[in-house]
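Residues per chain are reported as follows:
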Amino acid sequence: MEVSKRVAVVGSGMAGLTVACLLAKAGKEVDLMEQNWIAGGCTTTYPRKGFWFESGATTLVGLDAGMPLALLLDELGIALPAQLLETPMQVYLNGQTITRHQNLDAWIGEAERVFGKPNQRAFWEHCYAISQKVWQISGQQRAFPPQNLRDLVDLALHFQPSQMLAIPHAFETVSACLKRFHLDQNEAFCRFVDEQLIITAQNKRDEVNMLFGATALCYTNFGNYYMPGGMAGLVNRLTDYLQAKGGRLLLRNRVTRIQPHSQGVSLQTGDLSQNYQSVVSSIPLNNLHGLLPTGKPKQLIQSKLLPSVKLSSALQLGIGIRTHRNYDCLHHQIHLDRPLTGTQTHSIFVSLHPANDQLRAEAGQMAISVSTHWPDPQHNRIENRALAEAQILDALEAHDLLRRENIVYLHSSGPKSWEKWTGRQWGFVGGYPQFKDTKPWQMMGARLHKGKLYVCGDTTYPGQGIPGAVLSGLIAFHKMKLDGVV
């Protein structure tokens, strides 16, 4: 059997792009396969009727020193024309506008104004210290979670005693931490915390442990950036780098079978089969499980799979408008007075773009992306989707983010659209949520078959968001180095 010396990466989201670019930099011949017509997965920008909408991620986080995206771009020598946001987010709750300042002291002052002074400073300083420690450790320990003796040796080589201080936070939920700081009876604050966690951890305070919860709650206290032209600007720089290093971006290539064998890994795409030295999958574990033959890799994945009842899709609206005012903040979370019809979710997330970004819309117009969680997408159906969309528009008008008469274009996307766009089973998005029964070291590791098959992405360790996806790619590449693939 003839085996190509090339390495294949399946899926061109941020995790796949990360490992593909690092492999190319290391001198490997790389094929990056993407089932869609455009690279980026849930981190890219697509056109509709003269507007460019974000496909998923709208907030660019991870460019602070030591954070995963900064580490990747430094390694590749890529500079981004990203614009730091002065105000990361505004939240509308109980008739109040809450400004999520990046500066920690400014944010604590705002939290004390809205939710009352008792224990806010102690709680947020505690969260911020944890989040700083998490990002520091994640950059140092790229063999985590350990899967063999070589990983353990690598962890030991990069061990620092201070890293032990993070472990207890994996055993405490955000809910328990709120109780410890006597904030559990502050109903408005607990509601605020839940809806903030939903954005980045995909779950609420009773389930999310403090290791992930602190980083989720404090992401606005790190640099939040806007990429001119949308997230495609980030993706395109990575794909350009890959191709400049001799890699190939193979669009409209849906992989239907991944078969490890004695000499490498066979990939089936349509009627074609090709043998590779190694393969890295960045597609969700739910999808990957069905592409593998019976054997140990499939068994490893089986033990980690989540059913639809534990996952979420999204109801997303892409709205093109004529602008009626200036906006001093691009990202907004609106807490709803009553749950959204059909989804039973309690908040919506809204992203705008700078008025002068004519790569996204012509002068005087703007592309708005609105999303809310759609739980259990396999079984949950919204009986009256038009009513849910009308409720979203009501909320946008009530907070002066648009006027209905200024809407030029509108489309909506539910689980079926997401499944078509991303290929993800049931159209679930946002990765695997955080659960208190799954500790970080119990999450899916990057190595499925030493030297042959690896995984990364937001259903593996460490999980959601651009920083999490990039970190999973950094870890997969590191384990390939440990195994002698690179």
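As a reminder, the structure under discussion sits directly above these lines.
Fair warning: this is a prediction, and the values are worked out from it, not measured in the lab.

Draft legend 1. Region of the structure containing the overall build of the protein chain. For the protein chain, the helix and strand inventory stands at 14 helices and 20 strands. For the protein chain, the C-alpha radius of gyration of 22 Å lies close to 23 Å, the compact-globule estimate for 486 residues. With the C-alpha coordinates aligned to their principal axes, the bounding extent of the protein chain is approximately 65 × 55 × 45 Å. For the protein chain, restricting intrachain contacts to residue pairs at least 6 apart in sequence, the fraction spanning at least 24 positions comes to 71%. As presented, the protein chain carries roughly 19,400 Å² of accessible surface, and 50% of it is formed by carbon and sulfur atoms. Charged side chains of the protein chain number 46 positive and 39 negative; the gap between the two group centres comes to 7 Å.

Draft legend 2. Helix α2 (residues 68-76), seen in detail. Every buried residue of α2 is listed here: Pro 68, Leu 69, Ala 70, Leu 72, Leu 73 and Leu 76. Those residues of α2 that are buried are in contact with α1 (14-25), β5 (60-61), α4 (120-140), α9 (232-244) and α14 (465-482). Residue Gly 77 follows α2 closely and has a positive phi angle near 75°.

Draft legend 3. Representation of the pattern of salt bridges in the model. Counting across every chain of the model gives 18 salt bridges. In this structure, Asp 31 engages Arg 6 in a salt bridge whose closest nitrogen and oxygen atoms are separated by 2.9 Å. One end of the pair, Asp 31, is in strand β2 (residues 30-33); the other, Arg 6, is in strand β1 (residues 4-10), with 25 residues separating them in the sequence. Overall, Asp 31 belongs to the buried group, its relative accessible area being 0%.

Draft legend 4. How the structure looks around the sheet that holds strand β6 (residues 83-84). The antiparallel open sheet is built from three strands, whose spatial order is β5-β9-β6. If you trace the sheet from one side to the other, it starts and ends with β5 and β6, each paired once. For β6 and strand β9 (residues 224-226), the ladder comprises two bridges, and the chain directions are antiparallel. The partner of Leu 84 across the bridge, within β9, is Tyr 225.

Draft legend 5. Spotlight on the nonpolar core. With 94 residues, the main nonpolar core has Leu 60, Leu 69, Phe 123, Trp 124, Phe 192 and Leu 238 as its most contacted residues. It is α14 that provides the largest number of residues to this core, a total of 10 residues. What Leu 69 contacts, discounting residues up to four positions off in sequence, is Met 14, Leu 60, Val 61, Gly 62, Leu 63, Leu 234, Ile 466 and Val 470. One finds Ile 321, Leu 340, Ile 348 and Ile 392 within the second-largest nonpolar core, a separate group that totals 27 residues.

Draft legend 6. Up close: a nonpolar patch on the surface. Together, Phe 159, Met 164, Ile 167, Phe 171 and Trp 441 give the surface a local cluster of nonpolar side chains, amounting to about 510 Å² of exposed area. Position of Phe 171 among the secondary structure elements: in the loop between α5 (149-157) and α6 (174-180).

Draft legend 7. Seen up close, the pairing of strand β4 (residues 51-54). Here strand β3 (residues 45-48) pairs with β4 via four bridges, running antiparallel. Note on β4: the bridge partner recorded for Thr 45 is Glu 54. Count of turn residues in the β3/β4 antiparallel hairpin: two residues, of which Lys 49 carries a positive phi of about 50°.

Draft legend 8. Expanded view of the side chain of Gln 163. Assignment of secondary structure puts Gln 163 in the loop between α5 and α6. At 2.8 Å, the side chain of Gln 163 and the side chain of Gln 140 are in polar contact. Reaching out from Gln 163, the side chain makes a polar contact with the backbone oxygen of His 158 at a distance of 3.1 Å.

Draft legend 9. Summary view of the packing of aromatic side chains. For the coordinates displayed, the defined rule picks out 18 aromatic pairs. Judged by centre distance (6.2 Å) and plane angle (40°), the ring pair of Phe 53 and Tyr 409 falls under tilted. In this pair, Phe 53 is assigned in strand β4 and Tyr 409 in strand β18 (residues 407-413), connecting sequence segments 356 residues apart. Comparing Phe 53 with Tyr 409 shows no difference in burial state: the two are buried. A network of ring pairs unites the aromatic residues Trp 107, Phe 115, Phe 123, Trp 124, Phe 181, Phe 189 and Phe 192 as a single cluster. Over the ring of Trp 107 we find Arg 100, and its NZ or CZ is 4.2 Å from the ring centre. Lying across the ring of Phe 428, Arg 424 places its NZ or CZ 5.4 Å from the centre.

Draft legend 10. Just the environment of Gly 139, in detail. Residue position: Gly 139 is located in helix α4. For Gly 139, a relative accessible area of 23% translates into the label partly exposed. Sequence separation between Gly 139 and Pro 68 is 71 residues, and the spatial gap between their C-alpha atoms is 6.8 Å.

Draft legend 11. Broad picture of unusual backbone geometry. Between Phe 144 and Pro 145 the backbone carries a cis peptide bond, its omega angle lying at -10°. A cis amide bond links Tyr 461 to the next residue, Pro 462, at an omega of 5°. Phi at Asp 376 is positive, roughly 45°, even though this residue is not glycine.

Draft legend 12. Local environment of the packing of α2 against α14. It is at 8 Å that the axes of α2 and α14 come closest, and there the two elements cross at 50°. What the angle tells us is that α2 and α14 run oblique. Listed contacts from α14 to Pro 68, Leu 69, Leu 71 and Leu 72 of α2 are Ile 466, Pro 467, Val 470, Leu 471 and Leu 474. When grouped by side-chain class, the residues that make up the contact of α2 with α14 number nine nonpolar, no polar and no charged.

Draft legend 13. Spotlight on the sheet that holds strand β17 (residues 365-375). As summarised here, the arrangement of the seven strands in space is β8-β7-β15-β16-β17-β14-β18, forming an open sheet in which the pairing is mixed. Two strands close off the open sheet at either side, each with one partner strand: β8 (96-100) and β18. With strand direction ignored, the average angle separating the axes of adjacent strands in the sheet is 20°. For strand β14 (residues 312-322) and β17, the ladder comprises 11 bridges, and the chain directions are antiparallel. Within the sheet, the bridge partner assigned to Gly 320 lies in β17 and is Ala 367.

Quick notes on the rules
Residues numbered from 1 in each chain as written. Predicted model: local features only at pLDDT ≥ 70, side-chain atom pairs only at ≥ 80, totals over all residues. Heavy atoms only, no water. Helix = DSSP H or I, 4+ residues; strand = E, 2+ residues; numbered from the N terminus. Rg over C-alpha atoms; globule rule 2.2 N^0.38 Å. Contact = heavy atoms within 4.5 Å. Areas by Shrake-Rupley, 256 points an atom, 1.4 Å probe, with all protein chains shown as cover. Lys, Arg positive; Asp, Glu negative; His and termini not counted. Charge placed at Lys NZ, Arg CZ, Asp CG, Glu CD. Buried < 20%, exposed > 50% of the residue type's maximum accessible area, 1.4 Å probe, protein only. Salt bridge = Lys/Arg side-chain N within 4 Å of Asp/Glu carboxyl O. Pairing = 2+ DSSP bridges. Core = buried A, V, L, I, M, F, W, Y, C linked by side-chain atoms within 4.5 Å. Patch = residues over 30% accessible without salt bridge, like charges linked within 9 Å, V, L, I, M, F, W, Y side chains within 5 Å. Polar contact = N/O pair within 3.5 Å; in protein donor to acceptor, adjacent residues only side chain to side chain. Phe/Tyr/Trp six-rings, centres within 6.5 Å; stacked < 30°, edge-to-face > 60°. Lys NZ or Arg CZ within 6 Å of the ring centre and 35° of its normal. Axes fitted to C-alpha atoms, helices over the stretch in contact; angles between N-to-C directions. Parallel < 35°, antiparallel > 145°, perpendicular 65-115°, else oblique. Nonpolar A, V, L, I, M, F, W, Y, C, P; charged D, E, K, R; others polar.

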